[in-house]
Amino acid sequence: MTDLQVPATQSTPAIVSDAAAGLLSMRGDSYPENSFQFFAPVIAWVEAQLARATTALRLELHLLYLNTSSVKAMMDIFDLFESAHRAGKAVAVNWYYDRDNGRVAELAEEFREDCSFPFQIVAGTKESPA
Amino acid sequence: MSQADADLEARIASLLADPAHAGHPLHAALAELSQRHRELNGQLARLSWISDRYQSAVRDEHQALSERYERQQRRQQKIARISDSYQQLQREQTQKLRVSANLDALTGLPNRRLMLERLQLELRNSAQSGEGFCVAVLDIDRFKRINDECGHDVGDRVLTHLATVLSAQLRSDDFCARWGGEEFLLLWPKLSAAAAAEVGERLRAAIEAARPPGAPQSLQLSASIGIALHQRGAEIADTVKCADLALYEAKRRGRNRVVLYSDATAPSPETIAALRLDRL
């Protein structure tokens, strides 16, 4: 499976995946002009990873600002995680936020509401972004 | 099949079976009618069963669709809610940036940019109302020496303390900004030159009496102030320049004093050049 290596831009987050380690990370702001086009490969990668029989998947998020269509894309990804979790797969999300910006944690809480898989909201600092 | 139907069928069956009625002309017709009735009853039952099945399938589908619709609706609401929160977050950040873009980070006073906007506004207000305004440039005397001898920490504390002293003396319409380095600009709307000179003198005395916390006891703080009355039709830059010239004159006369600009008090370019070097 081809891993993702998407560098960050002003309006899109950096995305890095590691299929062997079962890891996907996103870092930055997300307000792409064409959100479907931007997230389609990410969602495809998650689906492919979760379709493998024995794999685990951990999602590491360092996201600050999301526009509406990115919010929807994240919820689609969390839905995939939820289904995988119900099918007995080991999936988890760690959402990191800057201690100085507690509002981001509140937003992560809202995302977490309907998720029954392990979903941690972790405080970091600018100097050591967890 | 209803009980009445069942009873009728039983009665007909027993009549047909009775040997006494054998050979009766109606016997064959009744047997055929009874048979036909049973078949139709069977068809009706089957039709009802199919119809019920069909109805319940439609009902199930409707139920599933409406559940899916509600789920989608909840999801859309959640997306909108989270998205609204993000928008709010961004608005707050923009607000914070706007504030910090207009304030001096050290003293918390309005910065040069905000003061320039405020001066332009005052220019328009004054043109409409016909009331004059004054501008003052205030410069801490021998600030470089304070920085050199007491350190930049003390220098910063002096600036911060001075901002507090100035703010305490302002009327609600007055405006005070950190103009640069150790220079402050004051805008006094609806104030005559004579009244401005009095306010300037009050500020000068307050600064002379001020003891910035954390500064050495030996530190004697003073400031020179140049004031200019805005002349109708003049540019803001001209008025600020006049106040600046008055400030140079105050420095030339020995500092720690207030000078009101007039053509007579305007210093020569050579004096300004000499004082500029001295102020560094």
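Cut-offs applied
- Residues numbered from 1 in each chain as written.
- Chains lettered and ligands numbered in written order.
- Predicted model: local features only at pLDDT ≥ 70, side-chain atom pairs only at ≥ 80, totals over all residues.
- Heavy atoms only, no water.
- Contact = heavy atoms within 4.5 Å.
- Buried area = accessible area lost by both parts, 1.4 Å probe.
- Salt bridge = Lys/Arg side-chain N within 4 Å of Asp/Glu carboxyl O.
- Helix = DSSP H or I, 4+ residues; strand = E, 2+ residues; numbered from the N terminus.
- Pairing = 2+ DSSP bridges.
- Axes fitted to C-alpha atoms, helices over the stretch in contact; angles between N-to-C directions.
- Expected span 1.5 Å × (residues − 1).
- Bend = angle between axes of the 7 residues up to and from the residue.
- Buried < 20%, exposed > 50% of the residue type's maximum accessible area, 1.4 Å probe, protein only.
- Parallel < 35°, antiparallel > 145°, perpendicular 65-115°, else oblique.
- Left-handed = near helix turned anticlockwise from the far one by under 90°.
- Nonpolar A, V, L, I, M, F, W, Y, C, P; charged D, E, K, R; others polar.
- Core = buried A, V, L, I, M, F, W, Y, C linked by side-chain atoms within 4.5 Å.
- Phe/Tyr/Trp six-rings, centres within 6.5 Å; stacked < 30°, edge-to-face > 60°.
- Lys NZ or Arg CZ within 6 Å of the ring centre and 35° of its normal.

Chemist: Just checking my understanding: could you explain the interface of chain B and chain A for this structure?
Modeler: Where the parts come together, the accessible area they lose is often given as the size of the interface. Taken together, the 14 residues of chain B in the interface contact 18 residues of chain A. In total, chain B and chain A occlude about 1,600 Å² of area from one another, counting both sides; carbon and sulfur atoms represent 55% of this. Considering only the side of chain B, the residues that lose the most area to chain A are R75(B), K78(B) and Y86(B), jointly responsible for 41% of the buried surface there. Our enumeration of links across chain B and chain A arrives at six salt bridges. Salt-bridge contacts for E110(A) lead to R81(B); the nearest nitrogen and oxygen are separated by 2.9 Å.

Chemist: Sorry if this is basic, but what is going on with unusual backbone geometry here?
Modeler: Glycine aside, residues mostly have negative phi angles, and peptide bonds mostly take the trans form. Residue and element names in this part refer to chain B. Positive phi, close to 70°, is recorded for R255, a residue that is not glycine. Mapped onto the elements of the fold, R255 is located in the loop between α7 (236-252) and β5 (258-260). Residue N256 is not a glycine yet carries a positive backbone phi of 50°. Note on placement: N256 falls in the loop between α7 and β5.

Chemist: I keep staring at the sheet that holds strand β4 (residues 57-66) of chain A and nothing clicks. Help me out?
Modeler: As a general point, the strands of a sheet are linked pairwise by backbone hydrogen bonds and lie either parallel or antiparallel. What the six strands build is an open sheet, ordered β1-β2-β3-β4-β5-β6 (chain A); its pairing is mixed. Here the strands that pair on one side only, and so sit at the sheet edges, are β1 (5-6) and β6 (119-124) of chain A. When strand β3 (residues 23-30) of chain A meets β4(A), the two strands line up parallel, connected through seven bridges. Each bridged residue has a counterpart across the sheet, and for S30(A) the counterpart in β4(A) is L66(A). Running at roughly 50° to β4(A), helix α2 (residues 27-102) of chain B makes contact with β4 and β5 (91-98) of chain A of the sheet.

Chemist: Even after reading the chapter, I still don't get helix α1 (residues 35-51) of chain A, so can you show me in this structure?
Modeler: Owing to its 3.6 residues per turn, the α-helix brings residues three or four apart onto one side. Residue and element names in this part refer to chain A. For α1, spanning 17 residues, the distance from its first C-alpha to its last is 24 Å, which sits close to the expected 24 Å at 1.5 Å a residue. Remark: the principal bend of α1, roughly 25°, maps to P41. If you check which residues of α1 are buried, you get S35, F38, F39, V42, I43, W45, V46, Q49 and L50. In the core, the buried residues of α1 are packed alongside β1, β2 (14-18), β3, β4, α2 (68-86) and β5.

Chemist: Looking at this model, I keep getting lost on the pattern of salt bridges. Mind explaining?
Modeler: Between side chains of opposite charge, a pair can form as their charged atoms come close. In total, this model carries 22 salt bridges over all chains according to the counting rule given. Among the ionic pairs, R75(B) bridges to D76(A), the shortest N-O distance being 2.2 Å. One end of the pair, R75(B), is in helix α2; the other, D76(A), is in helix α2, on a second chain. Residue R75(B) is classed as buried on the basis of its relative accessible area of 16%. When salt bridges with common partners are traced through the structure, they connect K72(A), D76(A), D79(A) and R75(B) into a single cluster.

Chemist: What is the right way to look at the packing of helix α5 (residues 152-168) of chain B against helix α6 (residues 193-209) of chain B in this model?
Modeler: Describing two packed helices takes the angle between their axes plus the distance from one axis to the other. All names here are of chain B. For the pair α5 and α6, the least separation of the axes is 10 Å and the interaxial angle reads 140°. Classified by the angle between their axes, α5 and α6 sit oblique to one another. Considering only the axes of α5 and α6, their crossing is right-handed. Of the residues in α6, those in contact with L162, V165 and L166 of α5 are L203, A206 and I207. Of the residues belonging to the contact of α5 with α6, the class tally is six nonpolar, no polar and no charged.

Chemist: Would you explain the nonpolar core in this entry?
Modeler: In terms of nonpolar packing, the biggest core is built from 43 residues, with M26(A), M74(A), F78(A), W95(A) and F111(A) touching the most fellow members. For this core, the secondary-structure elements that each account for two or more residues are β3, α1, β4, α2, β5, α3 (102-112) and β6 of chain A together with α2 of chain B. Among the elements that take part in this core, α2(A) stands out by supplying eight residues, more than any other. The contact partners of F78(A), leaving out residues within four places of it in the chain, are L59(A), L61(A), V93(A), W95(A), F111(A), C115(A), F117(A) and F119(A).

Chemist: Looking at this structure, how should I read the environment of S69(A)?
Modeler: Structurally, the position occupied by S69(A) is in helix α2. Taking the C-alpha atoms as reference points, S69(A) and E33(A), 36 residues apart in sequence, are found 9.4 Å from one another.

Chemist: Even after reading the chapter, I still don't get the packing of aromatic side chains, so can you show me in this structure?
Modeler: Working definition: an aromatic ring pair is given by the centre-to-centre distance plus the angle between the planes. Inspection of every chain in the model, using the stated rule, returns ten aromatic pairs over all chains. An angle of 70° between the planes, with centres 5.7 Å apart, marks the rings of Y31(A) and Y65(A) as edge-to-face. In this pair, Y31(A) is assigned in the loop between β3 and α1 and Y65(A) in strand β4, connecting sequence segments 34 residues apart. Taken together through their ring pairs, the aromatic side chains of F78(A), F81(A), W95(A), F111(A), F117(A) and F119(A) make up a single cluster. Cation over ring: R112(B) sits above W179(B), and NZ or CZ is 4.1 Å from the ring centre. Over the ring of F175(B) we find R118(B); its NZ or CZ atom is 5.6 Å from the centre of that ring.

Function-wise, these values are silent; they only describe arrangement.
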